[in-house]
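# Working through the structure, step by step
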Amino acid sequence: MKFLKMHGLGNDFIVVDCIGGPRHEELDEAALPQLAQRLCDRHFGVGADGILLALRGEQADFRMRLINGDGSEAEHCGNGIRCIARYVFDAGHTQATHFSIETVGRVNQMQLAVTDGEVTGVTVDMLAPVFTRERIPMVGAPGTEAIEEVLEVDGHSLAFTAVSMGNPHAVTFVEDAVSFPVTTLGPLVENHPVFPRRTNTEFIQVIGPEELRMRVWERGAGETLACGTGACASVVAAARTGRASRRAVVHLPGGDLLIDWRDDNHVYMTGPATPVFAGEVD
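Not measured: the values here are computed from a predicted model.

### Things to note about the overall build of the protein chain
- Looking only at helices and strands, the protein chain features four helices and 18 strands.
- Rg of the C-alpha trace for the protein chain: 18 Å, near the compact-globule value of 19 Å for 282 residues, within the 12% margin.
- Seen through its principal axes, the protein chain has C-alpha atoms that stretch 50 × 40 × 35 Å.
- Within the protein chain, the proportion of its 282 residues that are buried is 56%.
- Relative to all contacts within the protein chain whose residues are 6 or more apart in sequence, the contacts with residues 24 or more apart total 59%.
- Accessible surface, the protein chain as shown: approximately 11,500 Å² in total, 48% of it carbon and sulfur.
- Each charge class in the protein chain was averaged separately, 23 positive and 38 negative side chains, and the resulting centres sit 1 Å apart.

If you want it as structure tokens, here you go:
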């Protein structure tokens, strides 16, 4: 199987071309979970947070699927969709710098920044955030929201705001994101019964009205160096609770993302996508 290793701010992926051309692969659907577990292993495999499949779109120009390192499938991925956007351009599947990519239930518009033929950044229309419980999903009365709701985990009372950016997020604001016990509390929030499909969990330190620091525990992957949908959810939650403005830079362990929750209620994410190496695995 031919693949390309890519990352978005250190959130890394094994990209497989299922579109066509010299790198095209036909994968066994039933084998995808085991394949992801094997190849994403950082000691015995290629090493990655997940496998990204680049496909022809049904409702858009292209389609993306993400199989997490634990074999589960995610609905969306902000860093991953930037990687797919760059991949289809670099691979010659499109010469356009504006095109669409669909994920589960969503179609996102891409805008590539290209200098001398090289993609230097990608802006993604991540669409509108969702706050209602049934669409996140989380337990509770339909039509209600979880804004600063308190969750008891391991003796800690965490106030979180639930947001969906196409996948579920629980955003908690902390005084110091660097020292916060993310690896201890992250998996407890991810697997809490209030989230029937589990959740991504962001721990956010507000530095200023247009500047946040973030650490994330990703559903199905553990702590990662960056999470694009999580950065979007965090700015939305910070703005919704009056902690920051609707446009902010989010500092992640792997680098920075610019998030802009505009007047059209859509969230726009701008950041890099970086190829690392091409390879082939038996």
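So that's the structure; there's more coming.
### Comments concerning the pattern of salt bridges
- Throughout the structure, instances matching the rule amount to 17 salt bridges.
- Residues Lys5 and Asp12 are paired through a salt bridge, measuring 3.3 Å at the closest nitrogen-oxygen approach. The same class applies to Lys5 as to Asp12, namely buried.
- Put simply, Arg198 and Glu190 hold a salt bridge, and the shortest N to O gap is 2.9 Å.
- Residue classification places Arg198 among the partly exposed residues on the basis of a relative accessible area of 24%.
- Each member of the salt-bridge network shares a partner with another, and the members are Lys5, Asp12, Arg42 and Asp49.

### A look at the environment of Arg82
- Locating Arg82 in the fold gives a position in helix α2 (residues 78-90).
- On the basis of relative accessibility, which here comes to 0%, the residue Arg82 falls in the buried class.
- As for Arg82 and Ala273, which are separated by 191 residues in sequence, their C-alpha atoms are 5.7 Å apart.
- For Arg82, the contacting residues outside a window of four places in its chain are Gly8, Leu9, Val122, Val124, Leu257, Met269, Gly271, Pro272 and Ala273.

### Observations regarding helix α1 (residues 32-40)
- For α1, the complete set of buried residues consists of Leu32, Leu35, Ala36, Leu39 and Cys40. Down the axis of α1, the sector holding all buried residues measures 105°, keeping them to one side.
- Elements that come into contact with the buried residues of α1 comprise β2 (11-17), β3 (50-56) and β4 (62-68).

### Structural notes on the side chain of Asn68
- Take Asn68: it is sitting in strand β4.
- When its relative accessible area of 6% is taken as the criterion, Asn68 is described as buried.
- Here Asn68 is in contact with Ala36, Asp49, Gly50, Glu73, Ala74, Arg219 and Gly220, once residues within four sequence places are set aside.

### Thoughts on the pairing of strand β11 (residues 168-173)
- In terms of residue burial, β11 counts as a mostly covered element, since six of its six residues are buried.
- Along β11, one buried face is formed by Pro168, Ala170 and Thr172 and the opposite face, lined by His169, Val171 and Phe173, is buried too.
- The turn linking strand β10 (residues 156-164) back onto β11 is made up of three residues, and Gly166 within it adopts a positive phi angle of 100°.
- Assessed by its sense of winding, the connection that carries the chain from β11 through helix α3 (residues 182-190) to strand β12 (residues 200-208) is right-handed.

### Some thoughts on the nonpolar core
- Ranked by size, the top nonpolar core spans 56 residues in total, and within it Ile101 and Ile259 carry the most contacts.
- Look past the residues within four positions of Ile259 in its chain and what remains in contact with it is Ala231, Cys232, Val235, Arg246, Arg247, Ala248, Val250, Val267, Tyr268 and Met269.
- Ile136, Ala177, Val182 and Val189 belong to the second largest nonpolar core, which has 19 residues in total.

### Here's the deal with the side chain of Ser234
- Mapping Ser234 onto the fold places it in helix α4 (residues 228-240).
- Take Ser234: its relative accessible area is 0%, and that puts it in the buried class.
- The residues touching Ser234, leaving out its near neighbours within four places in the chain, are Val171, Phe173, Glu202, Ile204, Leu212 and Met214.

Cut-offs and rules
- Sequence order as written defines residue numbering, which begins from 1 separately in each chain.
- Restriction of local features to residues with pLDDT of at least 70 applies here, the model being predicted, together with a cutoff of 80 or more for giving and counting side-chain atom pairs; totals for whole chains, interfaces and linings are based on all residues.
- Only hydrogens and water are removed before side-chain values are computed, so all heavy atoms of the structure are retained for them.
- Numbering of helices and strands runs from the N terminus; a helix is a DSSP stretch of H or I covering at least four residues, while a strand is a stretch of E covering at least two.
- Every radius of gyration here is taken over C-alpha atoms, with the globule rule written as 2.2 Å times N^0.38, N being the number of residues.
- Categorising residues by exposure relies on relative accessible area from a 1.4 Å probe, with only protein chains included: less than 20% of the type maximum marks a residue as buried, more than 50% marks it as exposed, and the intermediate range marks it as partly exposed.
- By definition, residues are in contact when any of their heavy atoms lie within 4.5 Å.
- Using a 1.4 Å probe, the Shrake-Rupley method yields the accessible areas, and only the shown protein chains count as cover for residues.
- Residues scored as positive are Lys and Arg, those scored as negative are Asp and Glu, and His as well as the terminal groups of each chain are ignored.
- By convention, the point assigned to a charge is CZ for Arg, NZ for Lys, CD for Glu and CG for Asp.
- We define a salt bridge as a side-chain nitrogen of Lys or Arg found within 4 Å of a carboxyl oxygen belonging to Asp or Glu.
- Each C-beta atom gives one direction from the helix axis, and the arc is the one those directions make.
- DSSP bridges decide pairing: two strands pair if at least two such bridges lie between them.
- Orient the strands so they point away from the viewer; a crossover is then right-handed if the path from the first strand over the helix to the second runs clockwise.
- Here, nonpolar core means buried Ala, Val, Leu, Ile, Met, Phe, Trp, Tyr and Cys residues that are tied together by side-chain atoms lying within 4.5 Å of each other.

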